[in-house]
Amino acid sequence: MIELSRPLQAALLAAVALGVLLLAWRGYTRFDRKGELEPRRPVVARVGLVLALAGGGLLALALLTSGGGAKALGLVGVVVASNPEMIGGALGGLAGAGVGLLLVTATGLGWRVFGARGPKVRAFVRALGVICLVAALAVAVVWLAVLPLHPTLKWLLAGVLIAAGVGYAIAGTRPVRKGLYRALGWWWGALVGVTFGVTAALTARMPVGRLASHNTTDQIIRFAALVSSTVFLFFVLSALLPLALDALERRSFVLHVGARHVRASKSGFLTVISVLSMAGVAVSSCSLCSVTSIMGGFGADLKRKILGNNAHMVVDATRPGGFGDWDDKLTKVRVALAPYGGAATPVAAGEAMGSSASNTAGAIVRGIDPDTIGQVIDLQKNIEVGSFDYLRDPEKLTSLPPEEIIGRGPGGEPYFKGPDFRQPPDVDPSVREYLKRQTRVYPGVVIGRELAKSLHVLVGDEVTLLSPVGELGPTGVMPRSRRFRVAAIFYSGMYEYDVSHAYVLLDEAQKFFGLEDKITHIDIRIPDPERVQDVRPAVEAAVAASAALDEAPEGGKPPQKLRVRDWVESNKSLFSALKLEKIATFIILSIAIAVASFCIVCTLLLMVTEKGKEIAVLKALGASDSAVMRVFMLEGVIIGAIGTVYGVGTALAVCTGLSWFGVRLDPDVYYIDRLPVNVNGSDYAIVAVAALLICTIATLYPARAASKLSPVDGLRYE
């Protein structure tokens, strides 16, 4: 989730208000101006009765759970909380099955499937669809009742269901003004827009960040904002579609006829094929945009974490053992980086084995300069527990205050230091000072969250580091060991760093690894990582100039040769694989759009067959072959454009909603606190252009077939 700025919030609410007004006006225009009435509709009354019963059941269950009088519901709540995916799958499956069965029986496709002599089969399938929808509604009511939401939200939702159900039940039992039901559909869309505006405003005021509180109510509000935004956009696009077609009809002859063909009444089977054509293009383009955004989000998140925890460029030696005279080299590198605004810091690194009182783990120990390390990597920003000042002044770790947070639990709950029982508050001050002097002061170390979990240590605990480079003793080479005290615990967001990295002061690392006054490399950071190839020549020139002044030692061994590596070179295989995967996914899902375009071919061919008489009349009145061809090409393009707009718009709403108020994930399970989504306008534009191009190519053959139709053949049997 991101924190929305005030101007963006105002613009979002203004757009929502305009959309709500559009839907309200669209519903008002659905009323018949002559005041005609529609007959009673028992189906509407039954739907209203079901909604009222669902609202009453939710209200009763909400009152029961808030009073604490239902132990059985407590068990149901535990089952629901432990299996949210199963409950969501059951809801989606039942609702999808019910809607699908009702659509099949209500369209001409159902008539062709079951035949004219199968009324009992159609009635059975229709009843099965109704049962699925009622079961899905019952599961949703129980699910909402046992969720740990505020009772006011449950009562409000129950009141809306009861009011809507009673209204529909009354409207279905008496004649109503013609167009009321269509108007109610648009007004429901306006209500969804209001819901989106309210939930978006509530979400904008929620805390963000990895340490923010995580509760079910916030999750439900975020999910409601995401779903309502998508549904609201669907209603708005549906309201704008007739206006766009009206604008086309007022243009040239070809645009007028093509737009009229799209919105004209057709046979049942042809209507289904047209809708499936639009739906196929919409689903394909939506999936392509969504997958591209999510893959781009993972790539951007991975790049951000890599560049935040690693230097953009590294100057190191070609042989192990580090290099000396690094002060002069560091100065020259900083002078070379000054025009670009870059920074550099010395580092002494090596591998070690960390051990505590209960466990051991491997670690990469990096000696750093505390004054300049924050200019190169995000170590200070990533500290979760403890303080970076404890690394500079480790004596403070021997007397931490009781309210100091020294760790966090699996759910983010803080662990406090608490009182020191070895030094009661009523102890004599001289005794307290003596006990304080007896506590040994060890150098501080900053370790990752996962490394702290492996070693079972908190801030202030002792850790022993063993270096593989040791000293010669009576029994052979003895590894060098030294004790440290945990000064802070950081969380970088990458498991590989949090489980292996430990940071100490530069001089402590030089002593620990026996480097004397040497360092292993110089870390460099520049403001724009994408311009690393522009800065690298200046750094290489500075390193070469400083290396030319190095003299060979008395032993005759040549000085260390230095090299410069950047982050693109170090992670070339990883980012190349991500780019190749993104391109392959784009090509594969573009094939899905091509498959969906086959429905457009079928639709236009059937349209040519059905509209043969109209084509013949147009040709008899003087329409040329090219004009007829353009009419049917335009019809296919409009069908593809409608599907593309719906698909790309839905993907944009879903992905933008996920990036703004997306549902949080458990970082202990997924190691990310949310699904990373990168909404790139250029990617969406490429998908839209590709979909329109494929749909345009699909119209060539049917349009040519229509243009070759002879007026005599079209009117022969009339």
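Data block above holds the structure.
Please read all numbers here as calculations on a predicted model, not as lab measurements.

Conventions we followed
Positions within a chain are numbered from 1, following the residues in the order the chain's sequence is written. Since the coordinates come from a predicted model, pLDDT governs what is reported: local features require at least 70, and pairs of side-chain atoms require 80 or more to be given and counted, while whole-chain, interface and lining totals use all residues. As a rule here, side-chain values cover all heavy atoms of the structure and leave hydrogens and water aside. Residues grouped as a nonpolar core are buried Ala, Val, Leu, Ile, Met, Phe, Trp, Tyr and Cys residues, joined through side-chain atoms within 4.5 Å. Only protein chains enter the area calculation, which uses a 1.4 Å probe; residues under 20% of their type maximum are buried, those over 50% are exposed, and those in between are partly exposed. Strands here mean DSSP runs of E at least two residues long; helices mean DSSP runs of H or I at least four residues long; both are numbered from the N terminus. Note on definitions: a residue-residue contact is assigned when non-hydrogen atoms from the two residues lie within 4.5 Å. Interaxial angle, 0 to 180 degrees, is taken between N-to-C directions of lines fitted to C-alpha atoms, where a helix line uses only the stretch in contact. An angle below 35 degrees is read as roughly parallel, one above 145 as roughly antiparallel, one from 65 to 115 as roughly perpendicular, and any other as oblique. We call a crossing left-handed when the near helix sits turned anticlockwise from the far one by less than a right angle, and right-handed when that turn is clockwise. As a working rule, the residues Ala, Val, Leu, Ile, Met, Phe, Trp, Tyr, Cys and Pro are called nonpolar, Asp, Glu, Lys and Arg charged, and the rest polar, with Gly in that last group. When two cysteine sulfur atoms lie within 2.5 Å, the pair is treated as a disulfide. Only strands that DSSP links by at least two bridges are regarded as paired with each other.

1. Looking at the nonpolar core
Membership of the largest hydrophobic core comes to 70 residues, with the highest contact counts inside it found for Ile-447, Ile-524 and Val-539. The leading source of residues in this core is strand S11 (residues 476–490), at 6 residues. Dropping the residues within four chain positions of it, Val-539 is found in contact with Met-313, Val-315, Leu-337, Ile-524 and Val-564. Ranked by size, the runner-up nonpolar core spans 21 residues in total, among them Met-607, Val-608, Leu-634 and Ile-638.

2. Re the packing of helix H1 (residues 6–28) against helix H8 (residues 180–204)
Between H1 and H8, whose axes approach to 7 Å, the crossing angle comes to 165°. The orientation of H1 with respect to H8, classified from their angle, is roughly antiparallel. Read as a crossing pair, H1 and H8 show a hand that is left-handed. Along its contact with H1, which presents Gln-9, Leu-12, Leu-13, Val-16, Val-20, Leu-23, Ala-24, Arg-26, Gly-27 and Tyr-28, the element H8 presents Ala-183, Trp-186, Trp-187, Gly-189, Ala-190, Gly-193, Val-194, Phe-196, Gly-197, Ala-200 and Ala-204. Here the residues of the contact of H1 with H8 are counted per class, giving 15 nonpolar, 5 polar and 1 charged.

3. A closer look at the state of the cysteines
Across all of its chains, the model carries 0 disulfides by this definition. Considering cysteine sulfurs only, Cys-289 is the nearest to Cys-286, which forms no disulfide, with 7.2 Å between them. Given the relative accessible area of 18%, Cys-286 is considered buried. Of the cysteine sulfurs around Cys-655, a residue in no disulfide, the closest is that of Cys-286, at 7.4 Å.

4. Considerations on the side chain of Ser-284
Among the structural elements, Ser-284 can be located in helix H11 (residues 268–309). When neighbours within four sequence positions are excluded, Ser-284 is seen to be in contact with Ala-592, Ile-593 and Ala-596.

5. Section: the pairing of strand S4 (residues 343–355)
In terms of burial, S4 is a largely internal element, 10 of the 13 residues being buried. For S4 and strand S13 (residues 521–525), the ladder comprises 5 bridges, and the chain directions are antiparallel. Across the sheet, the residue bridging to Thr-345 is Asp-523, located in S13. Between S4 and strand S5 (residues 360–368), which pair antiparallel and follow one another directly, the connecting turn spans 4 residues.

6. Re unusual backbone geometry
Glycine aside, the phi torsion of most residues is negative, and most peptide linkages are trans. Positive phi outside glycine occurs at His-456, with the angle close to 60°. With respect to the secondary-structure elements, His-456 resides in the loop between helix H15 (449–455) and strand S10 (462–473). Of note, the phi angle at Glu-516 is positive, near 60°, even though the residue is not glycine.

Bear in mind that shape data such as this cannot, by itself, settle questions of function.
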